[in-house]
Amino acid sequence: MKLRTFPQGVFLPHHKEDTAHLAIVRVPPPSRVVLPLSQHTGAPLKPLVQKGDTVKRGQKIADVDAFVAAPLHAPVSGKVAGIEDWAHPTLGRFQAIVIENDGSSEEFRYDPLPEDIESLEPESLRLFVREGGFVGLGGAAFPTHVKLSPPPDKPIDAFILNGAECEPYLTCDHRVMLERAEDMLLGLRIMVRACGAQRAYIGIEDNKKDCITHLTPLVRDLPFPTEVIPLKTKYPQGSEKHLILAILSREVPPGGLPLDVGVVVNNVQTAAALGRMAKEGIPLVERVITLSGDCLKKRGNFEVPLGMLLEDLVALCDGFTTPPRKVVMGGPMTGITQATLAVPVIKGTSGFLFFAQNVGKPEHSCIRCGRCVLHCPMRLLPYLLGRLAEEHLFEEAETNRVLDCVECGSCAYVCPAGIALVHLIKLAKFEVMRRRKRGGK
Amino acid sequence: MKESRFIIAPPPHMKSTTTVPWIMRQVVFALLPAAIWGVVFFGVRWALLPLLLSVLSCVGFEALDCLLFRRPLTIGDWSAVVTGMLLGLSLPPGCPFWIPIIGGGVAILLGKQMFGGLGQNIFNPALVGRAVLLISWPKIMATWHVRSPFALGVTTYPTPVDVVTSATPLGIVKAYGYTAVWETPNLLFRLFVGLVPGCIGEISALLLLLGFVYLLARGVVQWDIPLSYALGLVAIALAAGQNPLFHLFAGGAIMGACFMATDYTTSPMTPKGRVIFGFGAGALTGIIRWLGGYPEGVTFGILTMNALVPLLDRMLPRRFGVKKV
């Protein structure tokens, strides 16, 4: 098997063996869900319901009149207990709709799509995707319909389904590819039709050989040429830019998007959820996540309603073996630490990890070993960018391409001096963007 | 604000196990074969003593500096041990005891601590120490003790034990011309395995290369600088009409290419810069040997290129997503 890859990057211990073999477990709906009004990249939503309203499962409860946004649906039927300020896994605190589950099976379903996807208008498919509230479920949570709407001067020829799952510990995409392949390929057909691509690829790291062998025969039945591409297990293979580079040998220009090189990339789980809506009419109200880390008694892959609180999930896993010191949403390389277990699952939650120890090493000053340069997949000089950020030389950081950084964390991972390089680079990016917005220096 | 029970920290939440002291220890391990050979070949008194004094001097002066200027004690990072090893191994066997002490003091204080310590210095500290010794005591630094069967060329005086002073192969080239050195039988073989007079730890190309391969396998160094160093030296040797293998194996070329030019702090970080740096240092080494006043050019070749590192570090790699113009 010939493996495709990209230059530089790092080989990580992937820690997937704990959960990769565990089938997806459907979680019983909790008594209460909390749905933040911002769960995607783009404009925050406005609630369509009020305190005291009764809602059905699948009913749209928040939307906004903006293109880069995806509506929100009730994952359980019940009563709106309020719209209040609540802990948010990435934004600190944010307004959220709280729904008390009434346990009934009241449900609202959209009309399923007809079998013959290829005869449908792309525009109507895009509306369908937006109405379903779909965002990239890999973690970035970019609204899917926006990705599927290329401007007319930028035709799309290739669609890539991202099944790399390069973050250690996470195995939810792995299980989805194995267990939800049919839904996923239906979702793929919808997205390919919507963006006008002629070919499709499914990129999978070779530490998921079962997915590669499972999907390879299935894609032959698709109405457009589709290839399952085995990728070398190397971080950050799941980064859009590096997936495109590995599969199509195209480099997305600085500040550009995949559509600048004629490509649309989406996550495998997004496709599976979309395929399910096309078949059953259920919008995005639940997702598969991985719960793992050395503190958790029962690890695994769970299908959970959006808005379910982390504390309820922990109770479901029989609690902890040792109290965790660090709780991370997402993978260990890019995930965000949590201050409380009262945070809800949002659309971009790929998992929660619980660690007994804070990994760190004694911090030295930079010894100029060059490991960050050798491993940076964007060919940046992270040591320099980190130093410029420390010294607040943001303009110089900009000329040294700080905005190209994809924040994968490879530099900070390899740094023997324990310097928080991505952290510093993020600070520099933030400052550069802020100054740009102010339109001057 | 309510205090959080959990640690809040920026990603990544995984770190490689590589640390600065680990790296430095690997370099020490890699130098051990050559060091042991030096001690065996030259004897404990002629080789081990200067080597130990050099290491102790470097560590001691670093500790002293930290205490004097009330900075955190940094000798635990093992970098002073590496500097001491590199300096000690590049001293002539049988040098007076104060040579490694002064050399270590200069290397650490002038070469490293004055710039702010590990990672901040411009010039390779061990080479700074060696250069100062070379200029200040040229005669001592060119007196080579060796057991009499291995002496080359004209020997001056026999010492009580069966040790004599001898010329080194490069010394013969400088004093008697390039052809004179080839009168030694099996010269290339003797240079390669280390059966010639020379610096304590620089005589065996084989054992130094062995150490370098160890560092490569451990991911501590990259091969780009040593290779381009070798290419630079070979290019000059060919231009001079001399045997490139002789130049690679003689003197401190392997030590310089694999252990001195690859010093993290004083070599460039950019891929293109590293190649130019290595090639330049190798070529300068060859030019000094060929046309310069010193028989050996490793020290000044590398120090000169050290000075260019800030410039070479500006050679950014090709930007992702931008085609070559």
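Scroll up for the structure.
One structure accompanies this document, and this report is about it. These numbers come from a predicted model, not from an experiment.

Here we come to the sheet that holds strand 6 (residues 72–73) of chain A. The strands making up a sheet associate through hydrogen bonds between their backbones, and the pairing can be parallel or antiparallel. Residue and element names in this part refer to chain A. Strand order across the open sheet formed by 3 strands is 3-5-6, with antiparallel pairing between neighbours. Every other strand in the sheet has two partners, leaving strand 3 (46–47) and strand 6 as the edge strands with one partner each. Bridge count for strand 3 against strand 5 (residues 60–63) is 2 bridges, and the pairing is antiparallel. In the strand pairing of strand 5, P47 is matched with A62.

Quick look at the packing of helix 4 (residues 181–195) of chain A against helix 5 (residues 209–218) of chain A now. All names here are of chain A. Put simply, helix 4 and helix 5 touch, their axes get as near as 11 Å, and they point 55° apart. Between helix 4 and helix 5, the interaxial angle falls into the category oblique. As for how helix 4 packs across helix 5, the hand of that crossing is right-handed. In contact with A181, M184 and L185 of helix 4, helix 5 contributes H214, L215 and L218. Its residues placed into classes, the contact of helix 4 with helix 5 shows 5 nonpolar, 1 polar and no charged.

Attention now moves to the nonpolar core. Counting residues in each nonpolar core, the largest one holds 111 residues, and the members touching the most others are L31, L86, Y229, F246, M255, F259 and I302 of chain B. L86 of chain B has contacts with L31, A126, M255, F259 and M260 of chain B, leaving out every residue within four places of it along the chain. Counting residues in hydrophobic clusters, the runner-up holds 96 residues, among them I24, V80, A197 and I202 of chain A.

Right, let's talk about the pairing of strand 5 of chain A for a bit. When strand 5 of chain A meets strand 6 of chain A, the two strands line up antiparallel, connected through 2 bridges. Within strand 6 of chain A, the residue paired with K60 of chain A across the bridge is H73 of chain A.

What follows covers the pairing of strand 2 (residues 163–166) of chain B. Residues and elements named next belong to chain B. Of the two faces of strand 2, both are covered, the one formed by V163 and T165 as well as the one formed by V164 and S166. Pairing of strand 1 (residues 144–147) with strand 2 involves 4 bridges; the strand directions are antiparallel. Paired with H145 across the two strands is T165, which belongs to strand 2.

Thresholds, definitions, all that
- Residues numbered from 1 in each chain as written.
- Chains lettered and ligands numbered in written order.
- Predicted model: local features only at pLDDT ≥ 70, side-chain atom pairs only at ≥ 80, totals over all residues.
- Heavy atoms only, no water.
- Pairing = 2+ DSSP bridges.
- Helix = DSSP H or I, 4+ residues; strand = E, 2+ residues; numbered from the N terminus.
- Axes fitted to C-alpha atoms, helices over the stretch in contact; angles between N-to-C directions.
- Parallel < 35°, antiparallel > 145°, perpendicular 65-115°, else oblique.
- Left-handed = near helix turned anticlockwise from the far one by under 90°.
- Contact = heavy atoms within 4.5 Å.
- Nonpolar A, V, L, I, M, F, W, Y, C, P; charged D, E, K, R; others polar.
- Core = buried A, V, L, I, M, F, W, Y, C linked by side-chain atoms within 4.5 Å.
- Buried < 20%, exposed > 50% of the residue type's maximum accessible area, 1.4 Å probe, protein only.

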